Amino acid sequence: MNILDLSCVNDIRNISRLIFKKGWGEANGGNISIRIPADEINLCKNQFVRGDEVKLPYTMPGIAGEYFLVTGTGVFFRHIYDSPEESLGIVQLNETGDAYTPVWGYTTGGRPTSELSSHLLSHEVRKEISNGQNRIILHTHATNLIAMSFVLPLKAEIVTRELWEMMSECLVLFPEGVGVLDWMMPGKSEIGYATAELMKAHRLVLWAHHGIFAAGVSMDQAFGLIETADKAAEMLLKVMAAGGKQQAISAEQLQQLADAFNVVPLKEALY
Ligand code: 13P
Ligand code: ZN
C-alpha cells in the first residue's frame, strides 16, 4: 500500500486545509501527530528510508516502538495538502522510548515539529488513559481561544465554566473541562511535560497567548473539540464586548445537562 493512501495521511492533509481556511494555521502555526496502528504501518514498510536516530531527553516506555505521522517543523499549513511528502514524516520510537528515527517523508530535509515533546508525551498519557483509543494530538492557533486567554483568569475551572455557559453542547463534548497552562516557552521539553500532565485529566489544553492542544480517537473528534471550544470562546468575547452577561446557563442547569447526557462534569467548574 502506498503511504500516501493511508487514512492518517488523508486525515492530516484534509484537516490542515480546513485549519488554514479557519485562519488558525497562519504560516507554520500549529502541528499534528497521529499514532499509526500496526496493521496499517505493516502494509507500507517497503517504502521506508530510515534516517539517523535522534535521542530524546525523556523516556516513554508506554509508546516505545510505535510509529507516528508528524507534521514537519516550519511547514506552512496551506502547503500540506499539496506537498504531503515534504510536509509530513513518519518517525518510529526505539524499543526503550527515548529516541526516534525518521522512516518516511520530510523529503526536502525537514524534521518533526518543534513541539514534538508535547505531542509524544501527550500521546503516551492519552494512550494509557484511553486504553489505546486516543491516537490524535492536534495543536492549532485557534483565534478566539487565544484571545480569551487575555481576558479570563488562567484557571481551568473558570475557563471551563465560561465555555460551558456559552453553548449547551460544550459540557456534553468536554465534561472533563479544559486544562490551562500559563504562557510557557514553546518548543521545549518543559512545556511538553506540563501539557502531558494536564492531558491526564483533559483532552483539551489551552496554551495561554499561544493556542490549544486537543487529543482524540479520530481527527473529527479532536478537531470537533477545538471548533466547539473556539466557537464558545468567540461568543464569550462577543458577550463581553456587548456589555457582559445578563443571564446564563446556571450551575444547576449544567448539572441537569450532565445527568441527561450521562457525563461526569469537572466538579470544580460547577461553583
Ligand atoms: P512548528 O513549525 O515547529 O510545528 O511550530 C509551530 C508552532 O505552532 C509552535 O508552537
Ligand atoms: Zn503553536
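Remember, it's a predicted structure, so these values are computed and weren't measured experimentally.

(A) Quick peek at the sheet that holds strand β3 (residues 67-71). Reading across the sheet, the nine strands line up as β2-β5-β4-β3-β1-β6-β9-β8-β7 and stay open at both edges, with mixed pairing between neighbours. Two strands bound the open sheet, and with one partner strand each, they are β2 (54-55) and β7 (178-181). Pairing of strand β4 (residues 88-93) with strand β5 (residues 99-105) involves five bridges; the strand directions are antiparallel. Residue V91 lies in a different strand from β5, and its bridge partner there is P102. Its contacts with the sheet put helix α9 (residues 189-199) on β7, β8 (204-207) and β9 (211-216), and the angle it makes with β7 is roughly 155°.

(B) Looking closely at the nonpolar core. L145 and L163 are the most contacted members of the largest nonpolar core, which totals 59 residues. Per element, the largest residue contribution to this core is nine residues, and it comes from helix α10 (residues 219-241). Excluding residues within four positions of it along the chain, L163 makes contact with L145, M148, C170, F174, V178, A229, A232 and A233. Judged by nonpolar contacts, the second largest core, of 24 residues, contains Y58, F68, Y100 and A194.

(C) Highlighting the site of ligand 1. Taken together, the residues surrounding ligand 1 are N28, G29, G30, N31, T73, G74, T113, S114, E115, H139, H141 and H210. Between ligand 1 and the protein, one listed contact pairs an oxygen atom with a backbone N or O atom of G74 at 2.8 Å. In the model, an oxygen atom of ligand 1 is placed 3.0 Å from a nitrogen or oxygen of the H141 side chain. Classifying every residue of the shell around ligand 1 by side-chain character gives no nonpolar, eleven polar and one charged.

(D) Spatial organisation of the coordination of the zinc ion (ligand 2). Around the zinc ion (ligand 2), the protein supplies H139 (NE2), H141 (NE2) and H210 (NE2) as donor atoms, at distances of 2.1 Å. Along the chain, the residues donating to the zinc ion (ligand 2) are arranged with the sequence spacing H-x1-H-x68-H. One end of the pair, H139, is in strand β6 (residues 136-140); the other, H210, is in the loop between β8 and β9, and 71 residues separate them in sequence. Exposure remark for H139: the relative accessible area of 1% places this residue in the buried category.

(E) Representation of the pairing of β4. Taken across its six residues, β4 has six buried, putting it largely inside the fold. Burial along β4 is two-sided: L88, I90 and Q92 and G89, V91 and L93, pointing in opposite directions, are all buried. In this sheet, β4 lies alongside β3 in antiparallel orientation, the contact comprising five bridges. Counted as the bridge partner of L69 is I90 from β4. Linking β4 to β5, which pair antiparallel, is a turn of five residues; within it G97 sits at a positive phi near 80°.

(F) How the structure looks around α10. In this model α10 runs 33 Å from its N-terminal to its C-terminal C-alpha over 23 residues, within 8% of the 33 Å that 1.5 Å per residue would give. Listed as buried for α10 are M219, A222, F223, G224, L225, I226, T228, A229, D230, A232, A233 and L236. Following α10 by one or two positions, G243 has its phi on the positive side, about 110°.

(G) View of a nonpolar patch on the surface. Taken together, the side chains of F150, V151 and M240 present a nonpolar region at the surface, about 290 Å² in accessible area. You can see M240 is positioned in helix α10. For M240, a relative accessible area of 36% puts it in the partly exposed group.

Thresholds, definitions, all that
- Residues numbered from 1 in each chain as written.
- Chains lettered and ligands numbered in written order.
- Predicted model: local features only at pLDDT ≥ 70, side-chain atom pairs only at ≥ 80, totals over all residues.
- Heavy atoms only, no water.
- Pairing = 2+ DSSP bridges.
- Helix = DSSP H or I, 4+ residues; strand = E, 2+ residues; numbered from the N terminus.
- Contact = heavy atoms within 4.5 Å.
- Axes fitted to C-alpha atoms, helices over the stretch in contact; angles between N-to-C directions.
- Core = buried A, V, L, I, M, F, W, Y, C linked by side-chain atoms within 4.5 Å.
- Buried < 20%, exposed > 50% of the residue type's maximum accessible area, 1.4 Å probe, protein only.
- Near = heavy atom within 4 Å.
- Polar contact = N/O pair within 3.5 Å; in protein donor to acceptor, adjacent residues only side chain to side chain.
- Nonpolar A, V, L, I, M, F, W, Y, C, P; charged D, E, K, R; others polar.
- Donors = N, O, S within 2.8 Å, 3.2 Å for Na, K, Ca; no water.
- Expected span 1.5 Å × (residues − 1).
- Patch = residues over 30% accessible without salt bridge, like charges linked within 9 Å, V, L, I, M, F, W, Y side chains within 5 Å.
- Areas by Shrake-Rupley, 256 points an atom, 1.4 Å probe, with all protein chains shown as cover.
- Salt bridge = Lys/Arg side-chain N within 4 Å of Asp/Glu carboxyl O.

Remember, this is a structural readout, not a statement about activity or role.
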